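As a plain string of letters, each chain reads:
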Amino acid sequence: MLAISLQPEEFDLALGVQRWLIVFGTVLLVSLLVSLMASLATYGGTGPARLFGRLGYAACDFMSLSPRRIFAVALLTFREAVRRKALLVFVVFAVLFMFASWFLTGNSERPEQDIEVYVGFVFTTISWLVLLVGGVLSCFGLPEDIRLRSLHTVVTKPVRRNEIVLGRMLGFGSVCTLILVLMGIVGQIWIVRQSQGLTLSCRVPIYGVLKFLDRTGAETSKGLNVGDIVETRGFIEGGTKGAAVFQFRLPKSQPELLRFESRFEAFRTHKGSMDRTIQARYVLSNEEKGLRVPLEKFNVAEFSQNERDVERKISYTNEKTLKKEEVDLYNDLAQDGWLTVHVQCLDRGQYLGASRGDFFVRELPDRSFSAGYWKAMVGVWLMVVLLVMIAVTASCFVKGPVACLLCFCVFVLGQPAHDFMDKLVTGKQVGGGATESLYRLVSQANQTTPLDNQMMERTLKTIDRLPSGSLWIAKHLIPDMRTFSMAAWVGKGLDVPWYSAMLPSLAVALGYILPCVLLGYFSLSLRELESK
Amino acid sequence: MSAEAVIQIRNLSKIYRDFWGRKKVRALNSLSLEVYRGEVFGLLGPNGSGKTTTMKLLLGLLFPTEGEISILGKSATDVSKNERIGYLPEESYLYRFLNANETLDFYGRLFNMSGETRRKRTEELIEMVGLQHARRRQLKEYSKGMTRRIGLAQALINDPDLVLLDEPTSGLDPQGSRDMKDLIMRLKSQGKTVIMSSHLLADVQDVCDRIAILYGGELKELGRVDELLKERNVSQMQTSSISDACLDEVKAVLAKHNVEFHKVDHPTNSLEELFLKTVERSQQRPGQRYVPESEAAKGGTAS
Ligand SMILES: Nc1ncnc2c1ncn2[C@@H]1O[C@H](COP(=O)(O)OP(=O)(O)OP(=O)(O)O)[C@@H](O)[C@H]1O
Ligand SMILES: [Mg+2]
């Protein structure tokens, strides 16, 4: 297996909320200003009063939401989907799986890889099918309702437009949930059957904080670069004081047994000894107490992982006194519940690469496979819920096919756009933004060379920064779908971590509720419900 | 009139525009009328004259291009007015995948009714419209008349004070229209206000207190049915039966005042005659509009 580890990135909720507030606030402010202008233009002096009257009315609508009415619309939506045989996709799904078993038989040389393939297949199929059904259903729901005028009979009842939007979202959401759960169960059974004889695991990783020591033992934030373009790993030099220092928060339950699991990368500058790979060792340390507890060295496995059990009581040879001693993991070594582990490479002239995701402490016992599997399903579910919200919102102001197209853009084309905008916003796009590019085009300057005229370049960059603010907003308006894919964790037999996977997806999905409902409400209230 | 106006329409105009905002149709032109509490008001007019448009404007389904509407003292776009309104659309735009019970239950929920009330109301209404035998069949299997009936039931689910019926008798069998007319009279006797549009003039003549005749989006006639149907410049005599010989003498006799008069009256037309006459006149003299006397006195807007 490739030595690729999953890189956990902790989600900063406070920062997320702050960004949400900035983006939401800005968009709200801009729309308010635009409506104010529009109202002035159409109604003259009485415009603003009308606008604020309307907004007050909207506030009332939001204050007096009725759960019963929302439920009525949701139930209607659910019934509609079920009676229109939306659940038929489930049959498609089952058939797909029957055929898949023929083609996806494992080669059993690398059992973990087989499992990864099975899990990947299940999640990809389920995601696409549910997204497809959920998207089409919710894109066409309201427009059909308007076209057939059945909405006329509904909106002439005291139901508020926001209740319709919410009810629709809830209804389509529950249809998708039902489909997802059914498929999830079948998928799990299929995986379990496919991987008979293999162990399905759900290891619970505790990831650490990583910093590096250079060859003199001084602290640096980055390791060495051995010439990789993508610098995911920092390298440490063997036979020196260089080390990768991981700090782990130990579980509060203080289990008797922990397991260190790592998957480091070796970089050789010479052949070394033929009969073994590069050697490394862990050193547990507590600087406050001046404790250094080296564990036995091990050969770095390059295509699978190194595992080492660490018991609570550790006996070791003190490096200074050369005496045998025993320490307690929690009482002696841990510092405020944090354990520090230095990873050192022992071969002189060889290098060892480490990243945060390469080394984790595994909490024993493992969770059941179902736990991780269903957590990742929650990820898919959140993505579907987000799609339903966006689709229903879109269908409030455009017709079904256009809404579909819009969703497609957001979900599929949104990703490359995201990356591109990322670069533009951070100023990493080669050749600069629009104005600078245009200048380069006209002056026939190369994209990568700095412009001769420093002054000119600075001015152009400043001009380009202006729209980049709005681009930053635009970038944050499009959801980043990568947040929701958690199948990789399950495929690798890992539990889905809360802070770096579950929490961000939850936050993203939650962040869209209010804007979507607001947008849907206003578009549904301000338009005539007559098909054009 | 001293009665309270439930609906007030002032200078209402509606222009349908297409997607790009270009004018398509001028469906209503400066319509002004009032409907009073407790009366049955009929909207008449040939196809495409703007009856449905008026109703939709009243309900806030469409937004007026010009003019103002006050309905139950509120603006047409205020959703809370719907608490007291029942609406039967031109065609019953209902969810075809629901059955009768579910349909009424759904609309009941929209009025925030409790489960108990909903069940009771559903029971009553299904009985009233005579759909007991088909209550568990999906609406897509219903005939036109049956759909009409369930549509009516849904309009009455909240026991509304103001009922708007767009062509209530279309698609109903004779018994059904009879029942519908009885129902309208019953609603009136309960003090409710009913606005209906119809082509079936006999129906309108039977039940309506006042009518408005629209043509090409303009108001051509407005008034009490019995007043409108009176011919003022002709007199009609009803006498005891007279012989042929007597008949020749009648003119002479008239001058001499020696016939026993049973009744002297203005003859009434059938509504059909009035309707056709109005339409014909409108075709001959387009642009002439009905102007209420009060406004005419003020030198109103007749063109
Ligand atoms: N959605 C629409 N878009 C464009 N024009 C419309 C629309 N609805 C109605 N119209 C036009 O408005 C005019 C009035 O239509 P309306 O439906 O109010 O007539 P009506 O009096 O109800 O006729 P009918 O007796 O046939 O039901 C017609 O010319 C019609 O073509
Ligand atoms: Mg009509």
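Owing to the predicted nature of the structure, the values given are computational and were not obtained by experimental measurement. (Residues numbered from 1 in each chain as written. Chains lettered and ligands numbered in written order. Predicted model: local features only at pLDDT ≥ 70, side-chain atom pairs only at ≥ 80, totals over all residues.)

With that settled, consider the sheet that holds strand β11 (residues 306-311) of chain A. Residue and element names in this part refer to chain A. Read across the sheet, four strands follow the order β1-β16-β6-β11 without closing on themselves; strand pairing throughout is antiparallel. Across the chains shown, the open sheet's two edge strands, defined by having one partner strand only, are β1 (202-207) and β11. Ignoring strand direction, the axes of neighbouring strands in this sheet form an average angle of 35°. Examined bridge by bridge, strand β6 (residues 257-262) and β11 share six bridges and lie antiparallel to one another. The partner of Arg259 across the bridge, within β11, is Asp309. (Pairing = 2+ DSSP bridges. Helix = DSSP H or I, 4+ residues; strand = E, 2+ residues; numbered from the N terminus. Axes fitted to C-alpha atoms, helices over the stretch in contact; angles between N-to-C directions.)

In this complex, chain B contributes 25 residues to the contact, which on the side of chain A involves 25 residues. The set of elements that each furnish at least two residues to the side of chain B that touches chain A consists of β6 (85-88) and α2 (100-110) of chain B. Ranked by residue count, the leading element in the side of chain B that touches chain A is α2(B), at four residues. Each residue belonging to the side of chain B that touches chain A can be placed in one class, and the counts come to 18 nonpolar, four polar and three charged. (Contact = placed C-beta atoms within 7 Å. Nonpolar A, V, L, I, M, F, W, Y, C, P; charged D, E, K, R; others polar.)

Residues and elements named next belong to chain B. Reading across the sheet, the four strands line up as β2-β1-β4-β5 and stay open at both edges, with antiparallel pairing between neighbours. Each edge of the open sheet is held by one strand with a lone partner, namely β2 (23-36) and β5 (74-75). Judged from the five bridges that link them, strand β1 (residues 5-17) and strand β4 (residues 66-71) form a sheet pairing that is antiparallel. Looking at the pairing, Arg10 lines up with Glu68 of β4.

Attention now goes to the site of ligand 1. Neighbouring ligand 1 are 14 residues; B:Tyr16, B:Ala27, B:Lys51, B:Thr52 and B:Thr53 lie closest to it. At the site occupied by ligand 1, nearby residues are drawn from chains A and B. Elements that contribute at least two residues to the shell around ligand 1 include exactly β2 and α1 (51-59) of chain B. Of the residues belonging to the shell around ligand 1, the class tally is three nonpolar, seven polar and four charged. (Near = placed C-beta within 6 Å.)

Residues and elements named next belong to chain A. End to end, helix α14 (residues 498-526) covers 41 Å across 29 residues, agreeing with the expected 42 Å (1.5 Å per residue, within 8%). Helix geometry: α14 is bent most strongly at Ile513, by close to 25°, with proline Pro515 lying one to four residues after it. Considered for burial, the residues of α14 that qualify are Ala501, Pro504, Ser505, Val508, Ala509, Cys516, Val517, Gly520, Tyr521, Phe522, Leu524 and Ser525. For α14, the elements touching its buried residues are α2 (47-63), α7 (161-194), α9 (369-397) and α13 (487-491). (Expected span 1.5 Å × (residues − 1). Bend = angle between axes of the 7 residues up to and from the residue. Buried ≥ 20, exposed ≤ 12 C-beta atoms within 10 Å, placed from the backbone.)

Residues and elements named next belong to chain B. Burial along β6 is two-sided: the residues Ile85 and Tyr87 and Gly86 and Leu88 are all buried. Bridge analysis of β6 against strand β7 (residues 162-166) gives four bridges, and the strand direction is parallel. Within the sheet, the bridge partner assigned to Ile85 lies in β7 and is Leu162.

In terms of domains, chain A is made up of domain 1 (13-201 + 368-526) and domain 2 (233-354). Measuring from the centre of the C-alpha atoms in domain 1 of chain A to the corresponding centre in domain 2 of chain A gives 43 Å. (Domains from an automatic or database assignment.)

Looking now at the confidence of the model for chain A. Per-chain confidence: chain A averages 83 in pLDDT, with 91% of residues scoring 70 or above. When pLDDT is averaged over each element of chain A, helix α3 (residues 67-83) of chain A comes out on top at 93 and helix α11 (residues 434-442) of chain A at the bottom at 71. (pLDDT = per-residue confidence, 0-100.)

Okay, helix α9 (residues 271-284) of chain B next. Residues and elements named next belong to chain B. Over its 14 residues, α9 runs 20 Å from end to end, which matches the ideal 20 Å to within 8%, given 1.5 Å per residue. Along α9, the positions that sit buried rather than exposed are Leu271, Leu274, Phe275, Thr278 and Ser282. Taken end-on, α9 shows its buried residues confined to a sector of 100°, consistent with a single buried face. Exposed side chains of α9 directed beyond 90 degrees from the buried face belong to Glu272, Lys277, Glu280, Gln283 and Gln284. (Arc of directions from axis to C-beta.)

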